[in-house]
Amino acid sequence: MNLLEELNDKQYEAVVNTEGPCLIIAGAGSGKTKVLTHKIAYLISEKNIKPWDILAITFTNKAANEMKSRVQNLIGDAVLDMWIGTFHSICVRILRKQIERIGFSKDFIIFDTSDQKTLIKNIIKNANLDDKIYSDKSVMYEISKAKNEMQDTDEYKKKVKGDFRREKIAELYSEYQKKLKENNAIDFDDIINFTIKILKENDDLLSYYGNKFKYVLVDEYQDTNKAQFILVSMLASVNKNITVVGDNDQGIYSFRGADISNILNFEKDFPGSRIIKLEQNYRCTQSILDAANEVIKNNETKYEKKLWTKNDKGNKPQIFRAETEYDEANYIVSQINLLKIQEYYKYKDFAILYRMNSQSRAIEDIFRRENIPYKIVGGLKFYERKEIKDIIAYLRLIQNSSDNLSLNRIINEPKRGIGKTSLSNVEDLSNKNSISMYEIIKDAAKYGLNRIYTSAKDFVDMIEELKKVKNSIKISELITMTLEKSGYLESLKKENTIEAESRIENLDEFLTVAMEYEEQAAEPSLNEFLEGITLSSDVDDLDDDGNSVTLMTLHSAKGLEFPIVFLVGMEEGIFPGYRTISSGDPNEMEEERRLCYVGITRAKEYLFFTCSKRRTIFGSTSYNEVSRFIKEIPKDMLDGYDNIENQDFITKDSYDIEWTYKNNYTKEKEKSDFIHSDNSNSTFKFRSAESFLKSLNVKKDAEDIDLSKYKAGVRVYHKKFGEGTINYVEEEGDDFKVDIEFEKFGHKRLMARFAGLEIVE
DNA sequence: AAAACGCCGGTTTTT
DNA sequence: CCGGCGTTTT
């Protein structure tokens, strides 16, 4: 059947060997998703395995969704009965059924990283410890590490005996778990660990799930941590049909607990396993692949592999060394424009990859000035915005009144005259009486809280009113009602600043998210909605529609591909980073090198390396050598190598540019923000919201729109600004600047290609 | 209780 | 340089 015909020999082998443990080492661009999806399809359609007996685990929602839709293309709706999801979503699914076995109630909530941080901070403060020695960051790291290594509070306590500092941290850890439980909450690590705990302590469940999952498949296996490894082993323990796919050369997440030895030890952990290497690359040109191989061969890897391709040789990767980071950005712009004109590439074909988010600044400045549309992945995220967190806190409190964290967040937001002192009283009373802070406030009179009595009563009345209606009205209605009754919206409106306006816009967007959810969900519920938000996040939906250059970190780029890639900041101290160099740890350096390998192999057709002689970062300027990773590629395999050693190389007015942007930054930014407002900024602002529902309306491909229809006097509709009338149209390059008088937002000038204007009949 | 000031720290990121 | 957070000021 054609399911197998499309596969090369190795891929075929990986697909049809369904029985027993199987490790697939899949090089970059070698078709690993294809193998996974075809294997699932093969199991169902050829081996007659029931979809609900198959478990497929990924790391991101994006990967899970992609896998789902690709399997669906192969075998249709049977995929809906499968267990496909992230580690976390699959465990939550199990926990929602079984968590009572470890004494939590089924409507537990999930604390995200920032909730976690807030809670830990409180605990450190209450314990009267020096927060220099016990910083929230280090304590959080220590606790998470313990959880990653599957040590519960008792085991951790035993382990650190004799180490004064960590003994204290053990106390904090216990207190932290206690508080979580009081809030009926679990954190991300608990999601995995509690699932394991339940399986360990309940033979009936271990045997139920173990027997249920006849086939287990795990994607990105090099990114698993110890807990995830144990979970997978348990779920596959009965049938032993486990397929894992990964690439040890792409392990770039050890800093968050990923343990590359999981993939290296697979044969030991799962005796009798079969190992298949996918080495044919379908993505990159030969020249790009050569460069990647040259870099990665400097690592000592256990699974030697050498990627090859039948693709054309292509152009040599280019290297360019600029004077400053602004010059570097100018070079990028010139190359983008050149390729656009000469080879008809579109903006969306380009990606700029950097080591640190802060590197995007200079590039953004120049892109704005040069009118290059762009979108940024990462950085500020939608759900991390204050106003979004606030409305979520309201909803959480309505859903679960024992959520003290949320109460703390919004009780005085907007200002209700319930300040620090009163709140800490409430907190003490809550601890003393072992009831939630909300209950205390509800009975303010009984506890002698006369000072805040009136405002507390108003607050409680409002929440109670919302609780009453929450199941009978739509979530979007609940949100609107909450924003009104709480006075939140009103206080924002009163502020009357641009910032407040943008907050209101974001809240509107949040409302849209809720409405989309209602339409999409089988049985919409507030709890499911909130859970979806916590478990969803960013990078998930880098849609290839729209038309802008993508800017992101190398980490975010994993799993993606672009026709043209710029790897910027190829400098000692930037990439590899200063910390890695000064640590002297060869393992860390190898991870940086893997990151470089990941970056190079994102490029399909053109690859540019850029670096700068001089760079201002965190306010001070440093002079950097060219990255060692560049030097690992033989000179004759790169174009422009001469430039990087020519110290006299001077580009046009680099000082001028630097000066201009340092001094006029704000002005420039404001000016260009509105020209790009519909393009760069809004995409970036709302990306996460889109990712959560991933069903948002597809934008028109801006490059194919008919610009001639915009004329003076024509009525148009803009997504954000509403309806307006065109005053005049001005030609600018290959685009038109349209001057519009909007009814609600006044006078704006927008670039026609990017504005997404619709003609109003 | 809320605004203003001043210091520190600062890869990478999913869920 | 820039944001977060704790402290001081009004």
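Residues numbered from 1 in each chain as written. Chains lettered and ligands numbered in written order. Predicted model: local features only at pLDDT ≥ 70, side-chain atom pairs only at ≥ 80, totals over all residues. Heavy atoms only, no water.

Re the protein's contact with DNA strand C
Which entries qualify depends on this criterion: For this purpose, a residue is taken to be near a molecule or strand whenever a single non-hydrogen atom of the residue falls within 4 Å of it. N or O atoms within 3.5 Å of each other form a polar contact, as long as, within protein, one can give a hydrogen and the other can take it, and as long as residues adjacent in sequence are counted only when both atoms are side-chain atoms. Throughout, the ten residues Ala, Val, Leu, Ile, Met, Phe, Trp, Tyr, Cys and Pro are labelled nonpolar, Asp, Glu, Lys and Arg are labelled charged, and all others, Gly among them, are labelled polar.
Looking at DNA strand C, the residues that line it are Lys121, Arg361, Phe618 and Gly619. A share of 42% is what sugar and phosphate atoms reach among the atoms of DNA strand C within 4 Å of the protein. Taking lysine 121, its side chain carries an N or O atom lying 2.9 Å from a phosphate oxygen of DNA strand C. In this structure, a phosphate oxygen belonging to DNA strand C sits 3.2 Å away from a side-chain N or O atom of arginine 361. In terms of residue class, the surface near DNA strand C is made up of one nonpolar, one polar and two charged.

Examining the nonpolar core
How we decide: Side-chain atoms within 4.5 Å are what join buried Ala, Val, Leu, Ile, Met, Phe, Trp, Tyr and Cys residues into a set we call a nonpolar core. Burial classes: relative accessible area under 20% of the type maximum marks a residue as buried, over 50% as exposed, and values in between as partly exposed (1.4 Å probe, protein chains only). Think of it this way: any DSSP run of H or I at least four residues long counts as a helix, any run of E at least two long counts as a strand, and we number them from the N terminus. Contacts: residue pairs with any heavy atoms within 4.5 Å of one another.
Of all hydrophobic cores here, the largest spans 50 residues; its most connected members are Leu395, Phe459, Ile479, Phe510 and Phe529. It is helix H18 (residues 386-399) that provides the largest number of residues to this core, a total of eight residues. Excluding residues within four positions of it along the chain, isoleucine 479 makes contact with Ile391, Leu395, Phe510, Leu511, Ala514 and Phe529. In terms of nonpolar packing, the next biggest core, distinct from the first, is built from 45 residues, Leu307, Tyr597, Val598 and Phe609 among them.

Brief notes about the environment of isoleucine 275
Following the sequence through the fold, isoleucine 275 ends up in strand S8 (residues 274-278). Among the residues examined, isoleucine 275 registers a relative accessible area of 30% and is labelled partly exposed. Between the C-alpha atom of isoleucine 275 and that of leucine 205, which follows or precedes it by 70 residues, the distance is 31 Å. The residues touching isoleucine 275, leaving out its near neighbours within four places in the chain, are Leu23, Ile25, Glu267 and Tyr303.

What about the sheet that holds strand S11 (residues 318-322)?
We apply this condition: Two strands are counted as paired when DSSP detects at least two bridges linking them. Each axis is a line fitted through C-alpha atoms, taken for helices only over the stretch in contact, and angles between the N-to-C directions span 0 to 180 degrees.
Ordered in space as S11-S16-S15-S12-S14-S13, the six strands form an open sheet in which the pairing is parallel. In this open sheet, the two edge strands, each paired with only one partner strand, are S11 and strand S13 (374-376). Adjacent strand axes in the sheet meet at a mean angle of 20° when their direction is disregarded. Relative to strand S16 (residues 603-612), strand S15 (residues 562-567) runs parallel, the two sharing five bridges. Directly across from leucine 567, in S16, lies its bridge partner phenylalanine 609.

Remarks on the confidence of the model for chain A
Worth spelling out the cut-off: Per-residue confidence from the predictor is given as pLDDT, running between 0 and 100.
With 87% of its residues at a pLDDT of 70 or more, chain A has an overall mean of 85. A low-confidence stretch, residues 647-702 (pLDDT under 50), is modelled with 131 contacts involving residues beyond four sequence positions or located in other chains.

Focus: the packing of helix H15 (residues 286-296) against helix H29 (residues 586-600)
Definition in use: Orientation categories follow fixed angle ranges, with anything under 35 degrees roughly parallel, anything over 145 roughly antiparallel, 65 to 115 roughly perpendicular, and all other angles oblique.
It is the contact of H15 with H29, at a shortest axis distance of 9 Å, that shows an interaxial angle of 175°. Relative to H29, the element H15 lies roughly antiparallel. Each of Ile288, Ala291, Ala292, Val295 and Ile296 in H15 lies in contact with H29, whose residues at this interface are Arg593, Arg594, Cys596, Tyr597 and Ile600. Of the residues in the contact of H15 with H29, the class split is eight nonpolar, no polar and two charged.

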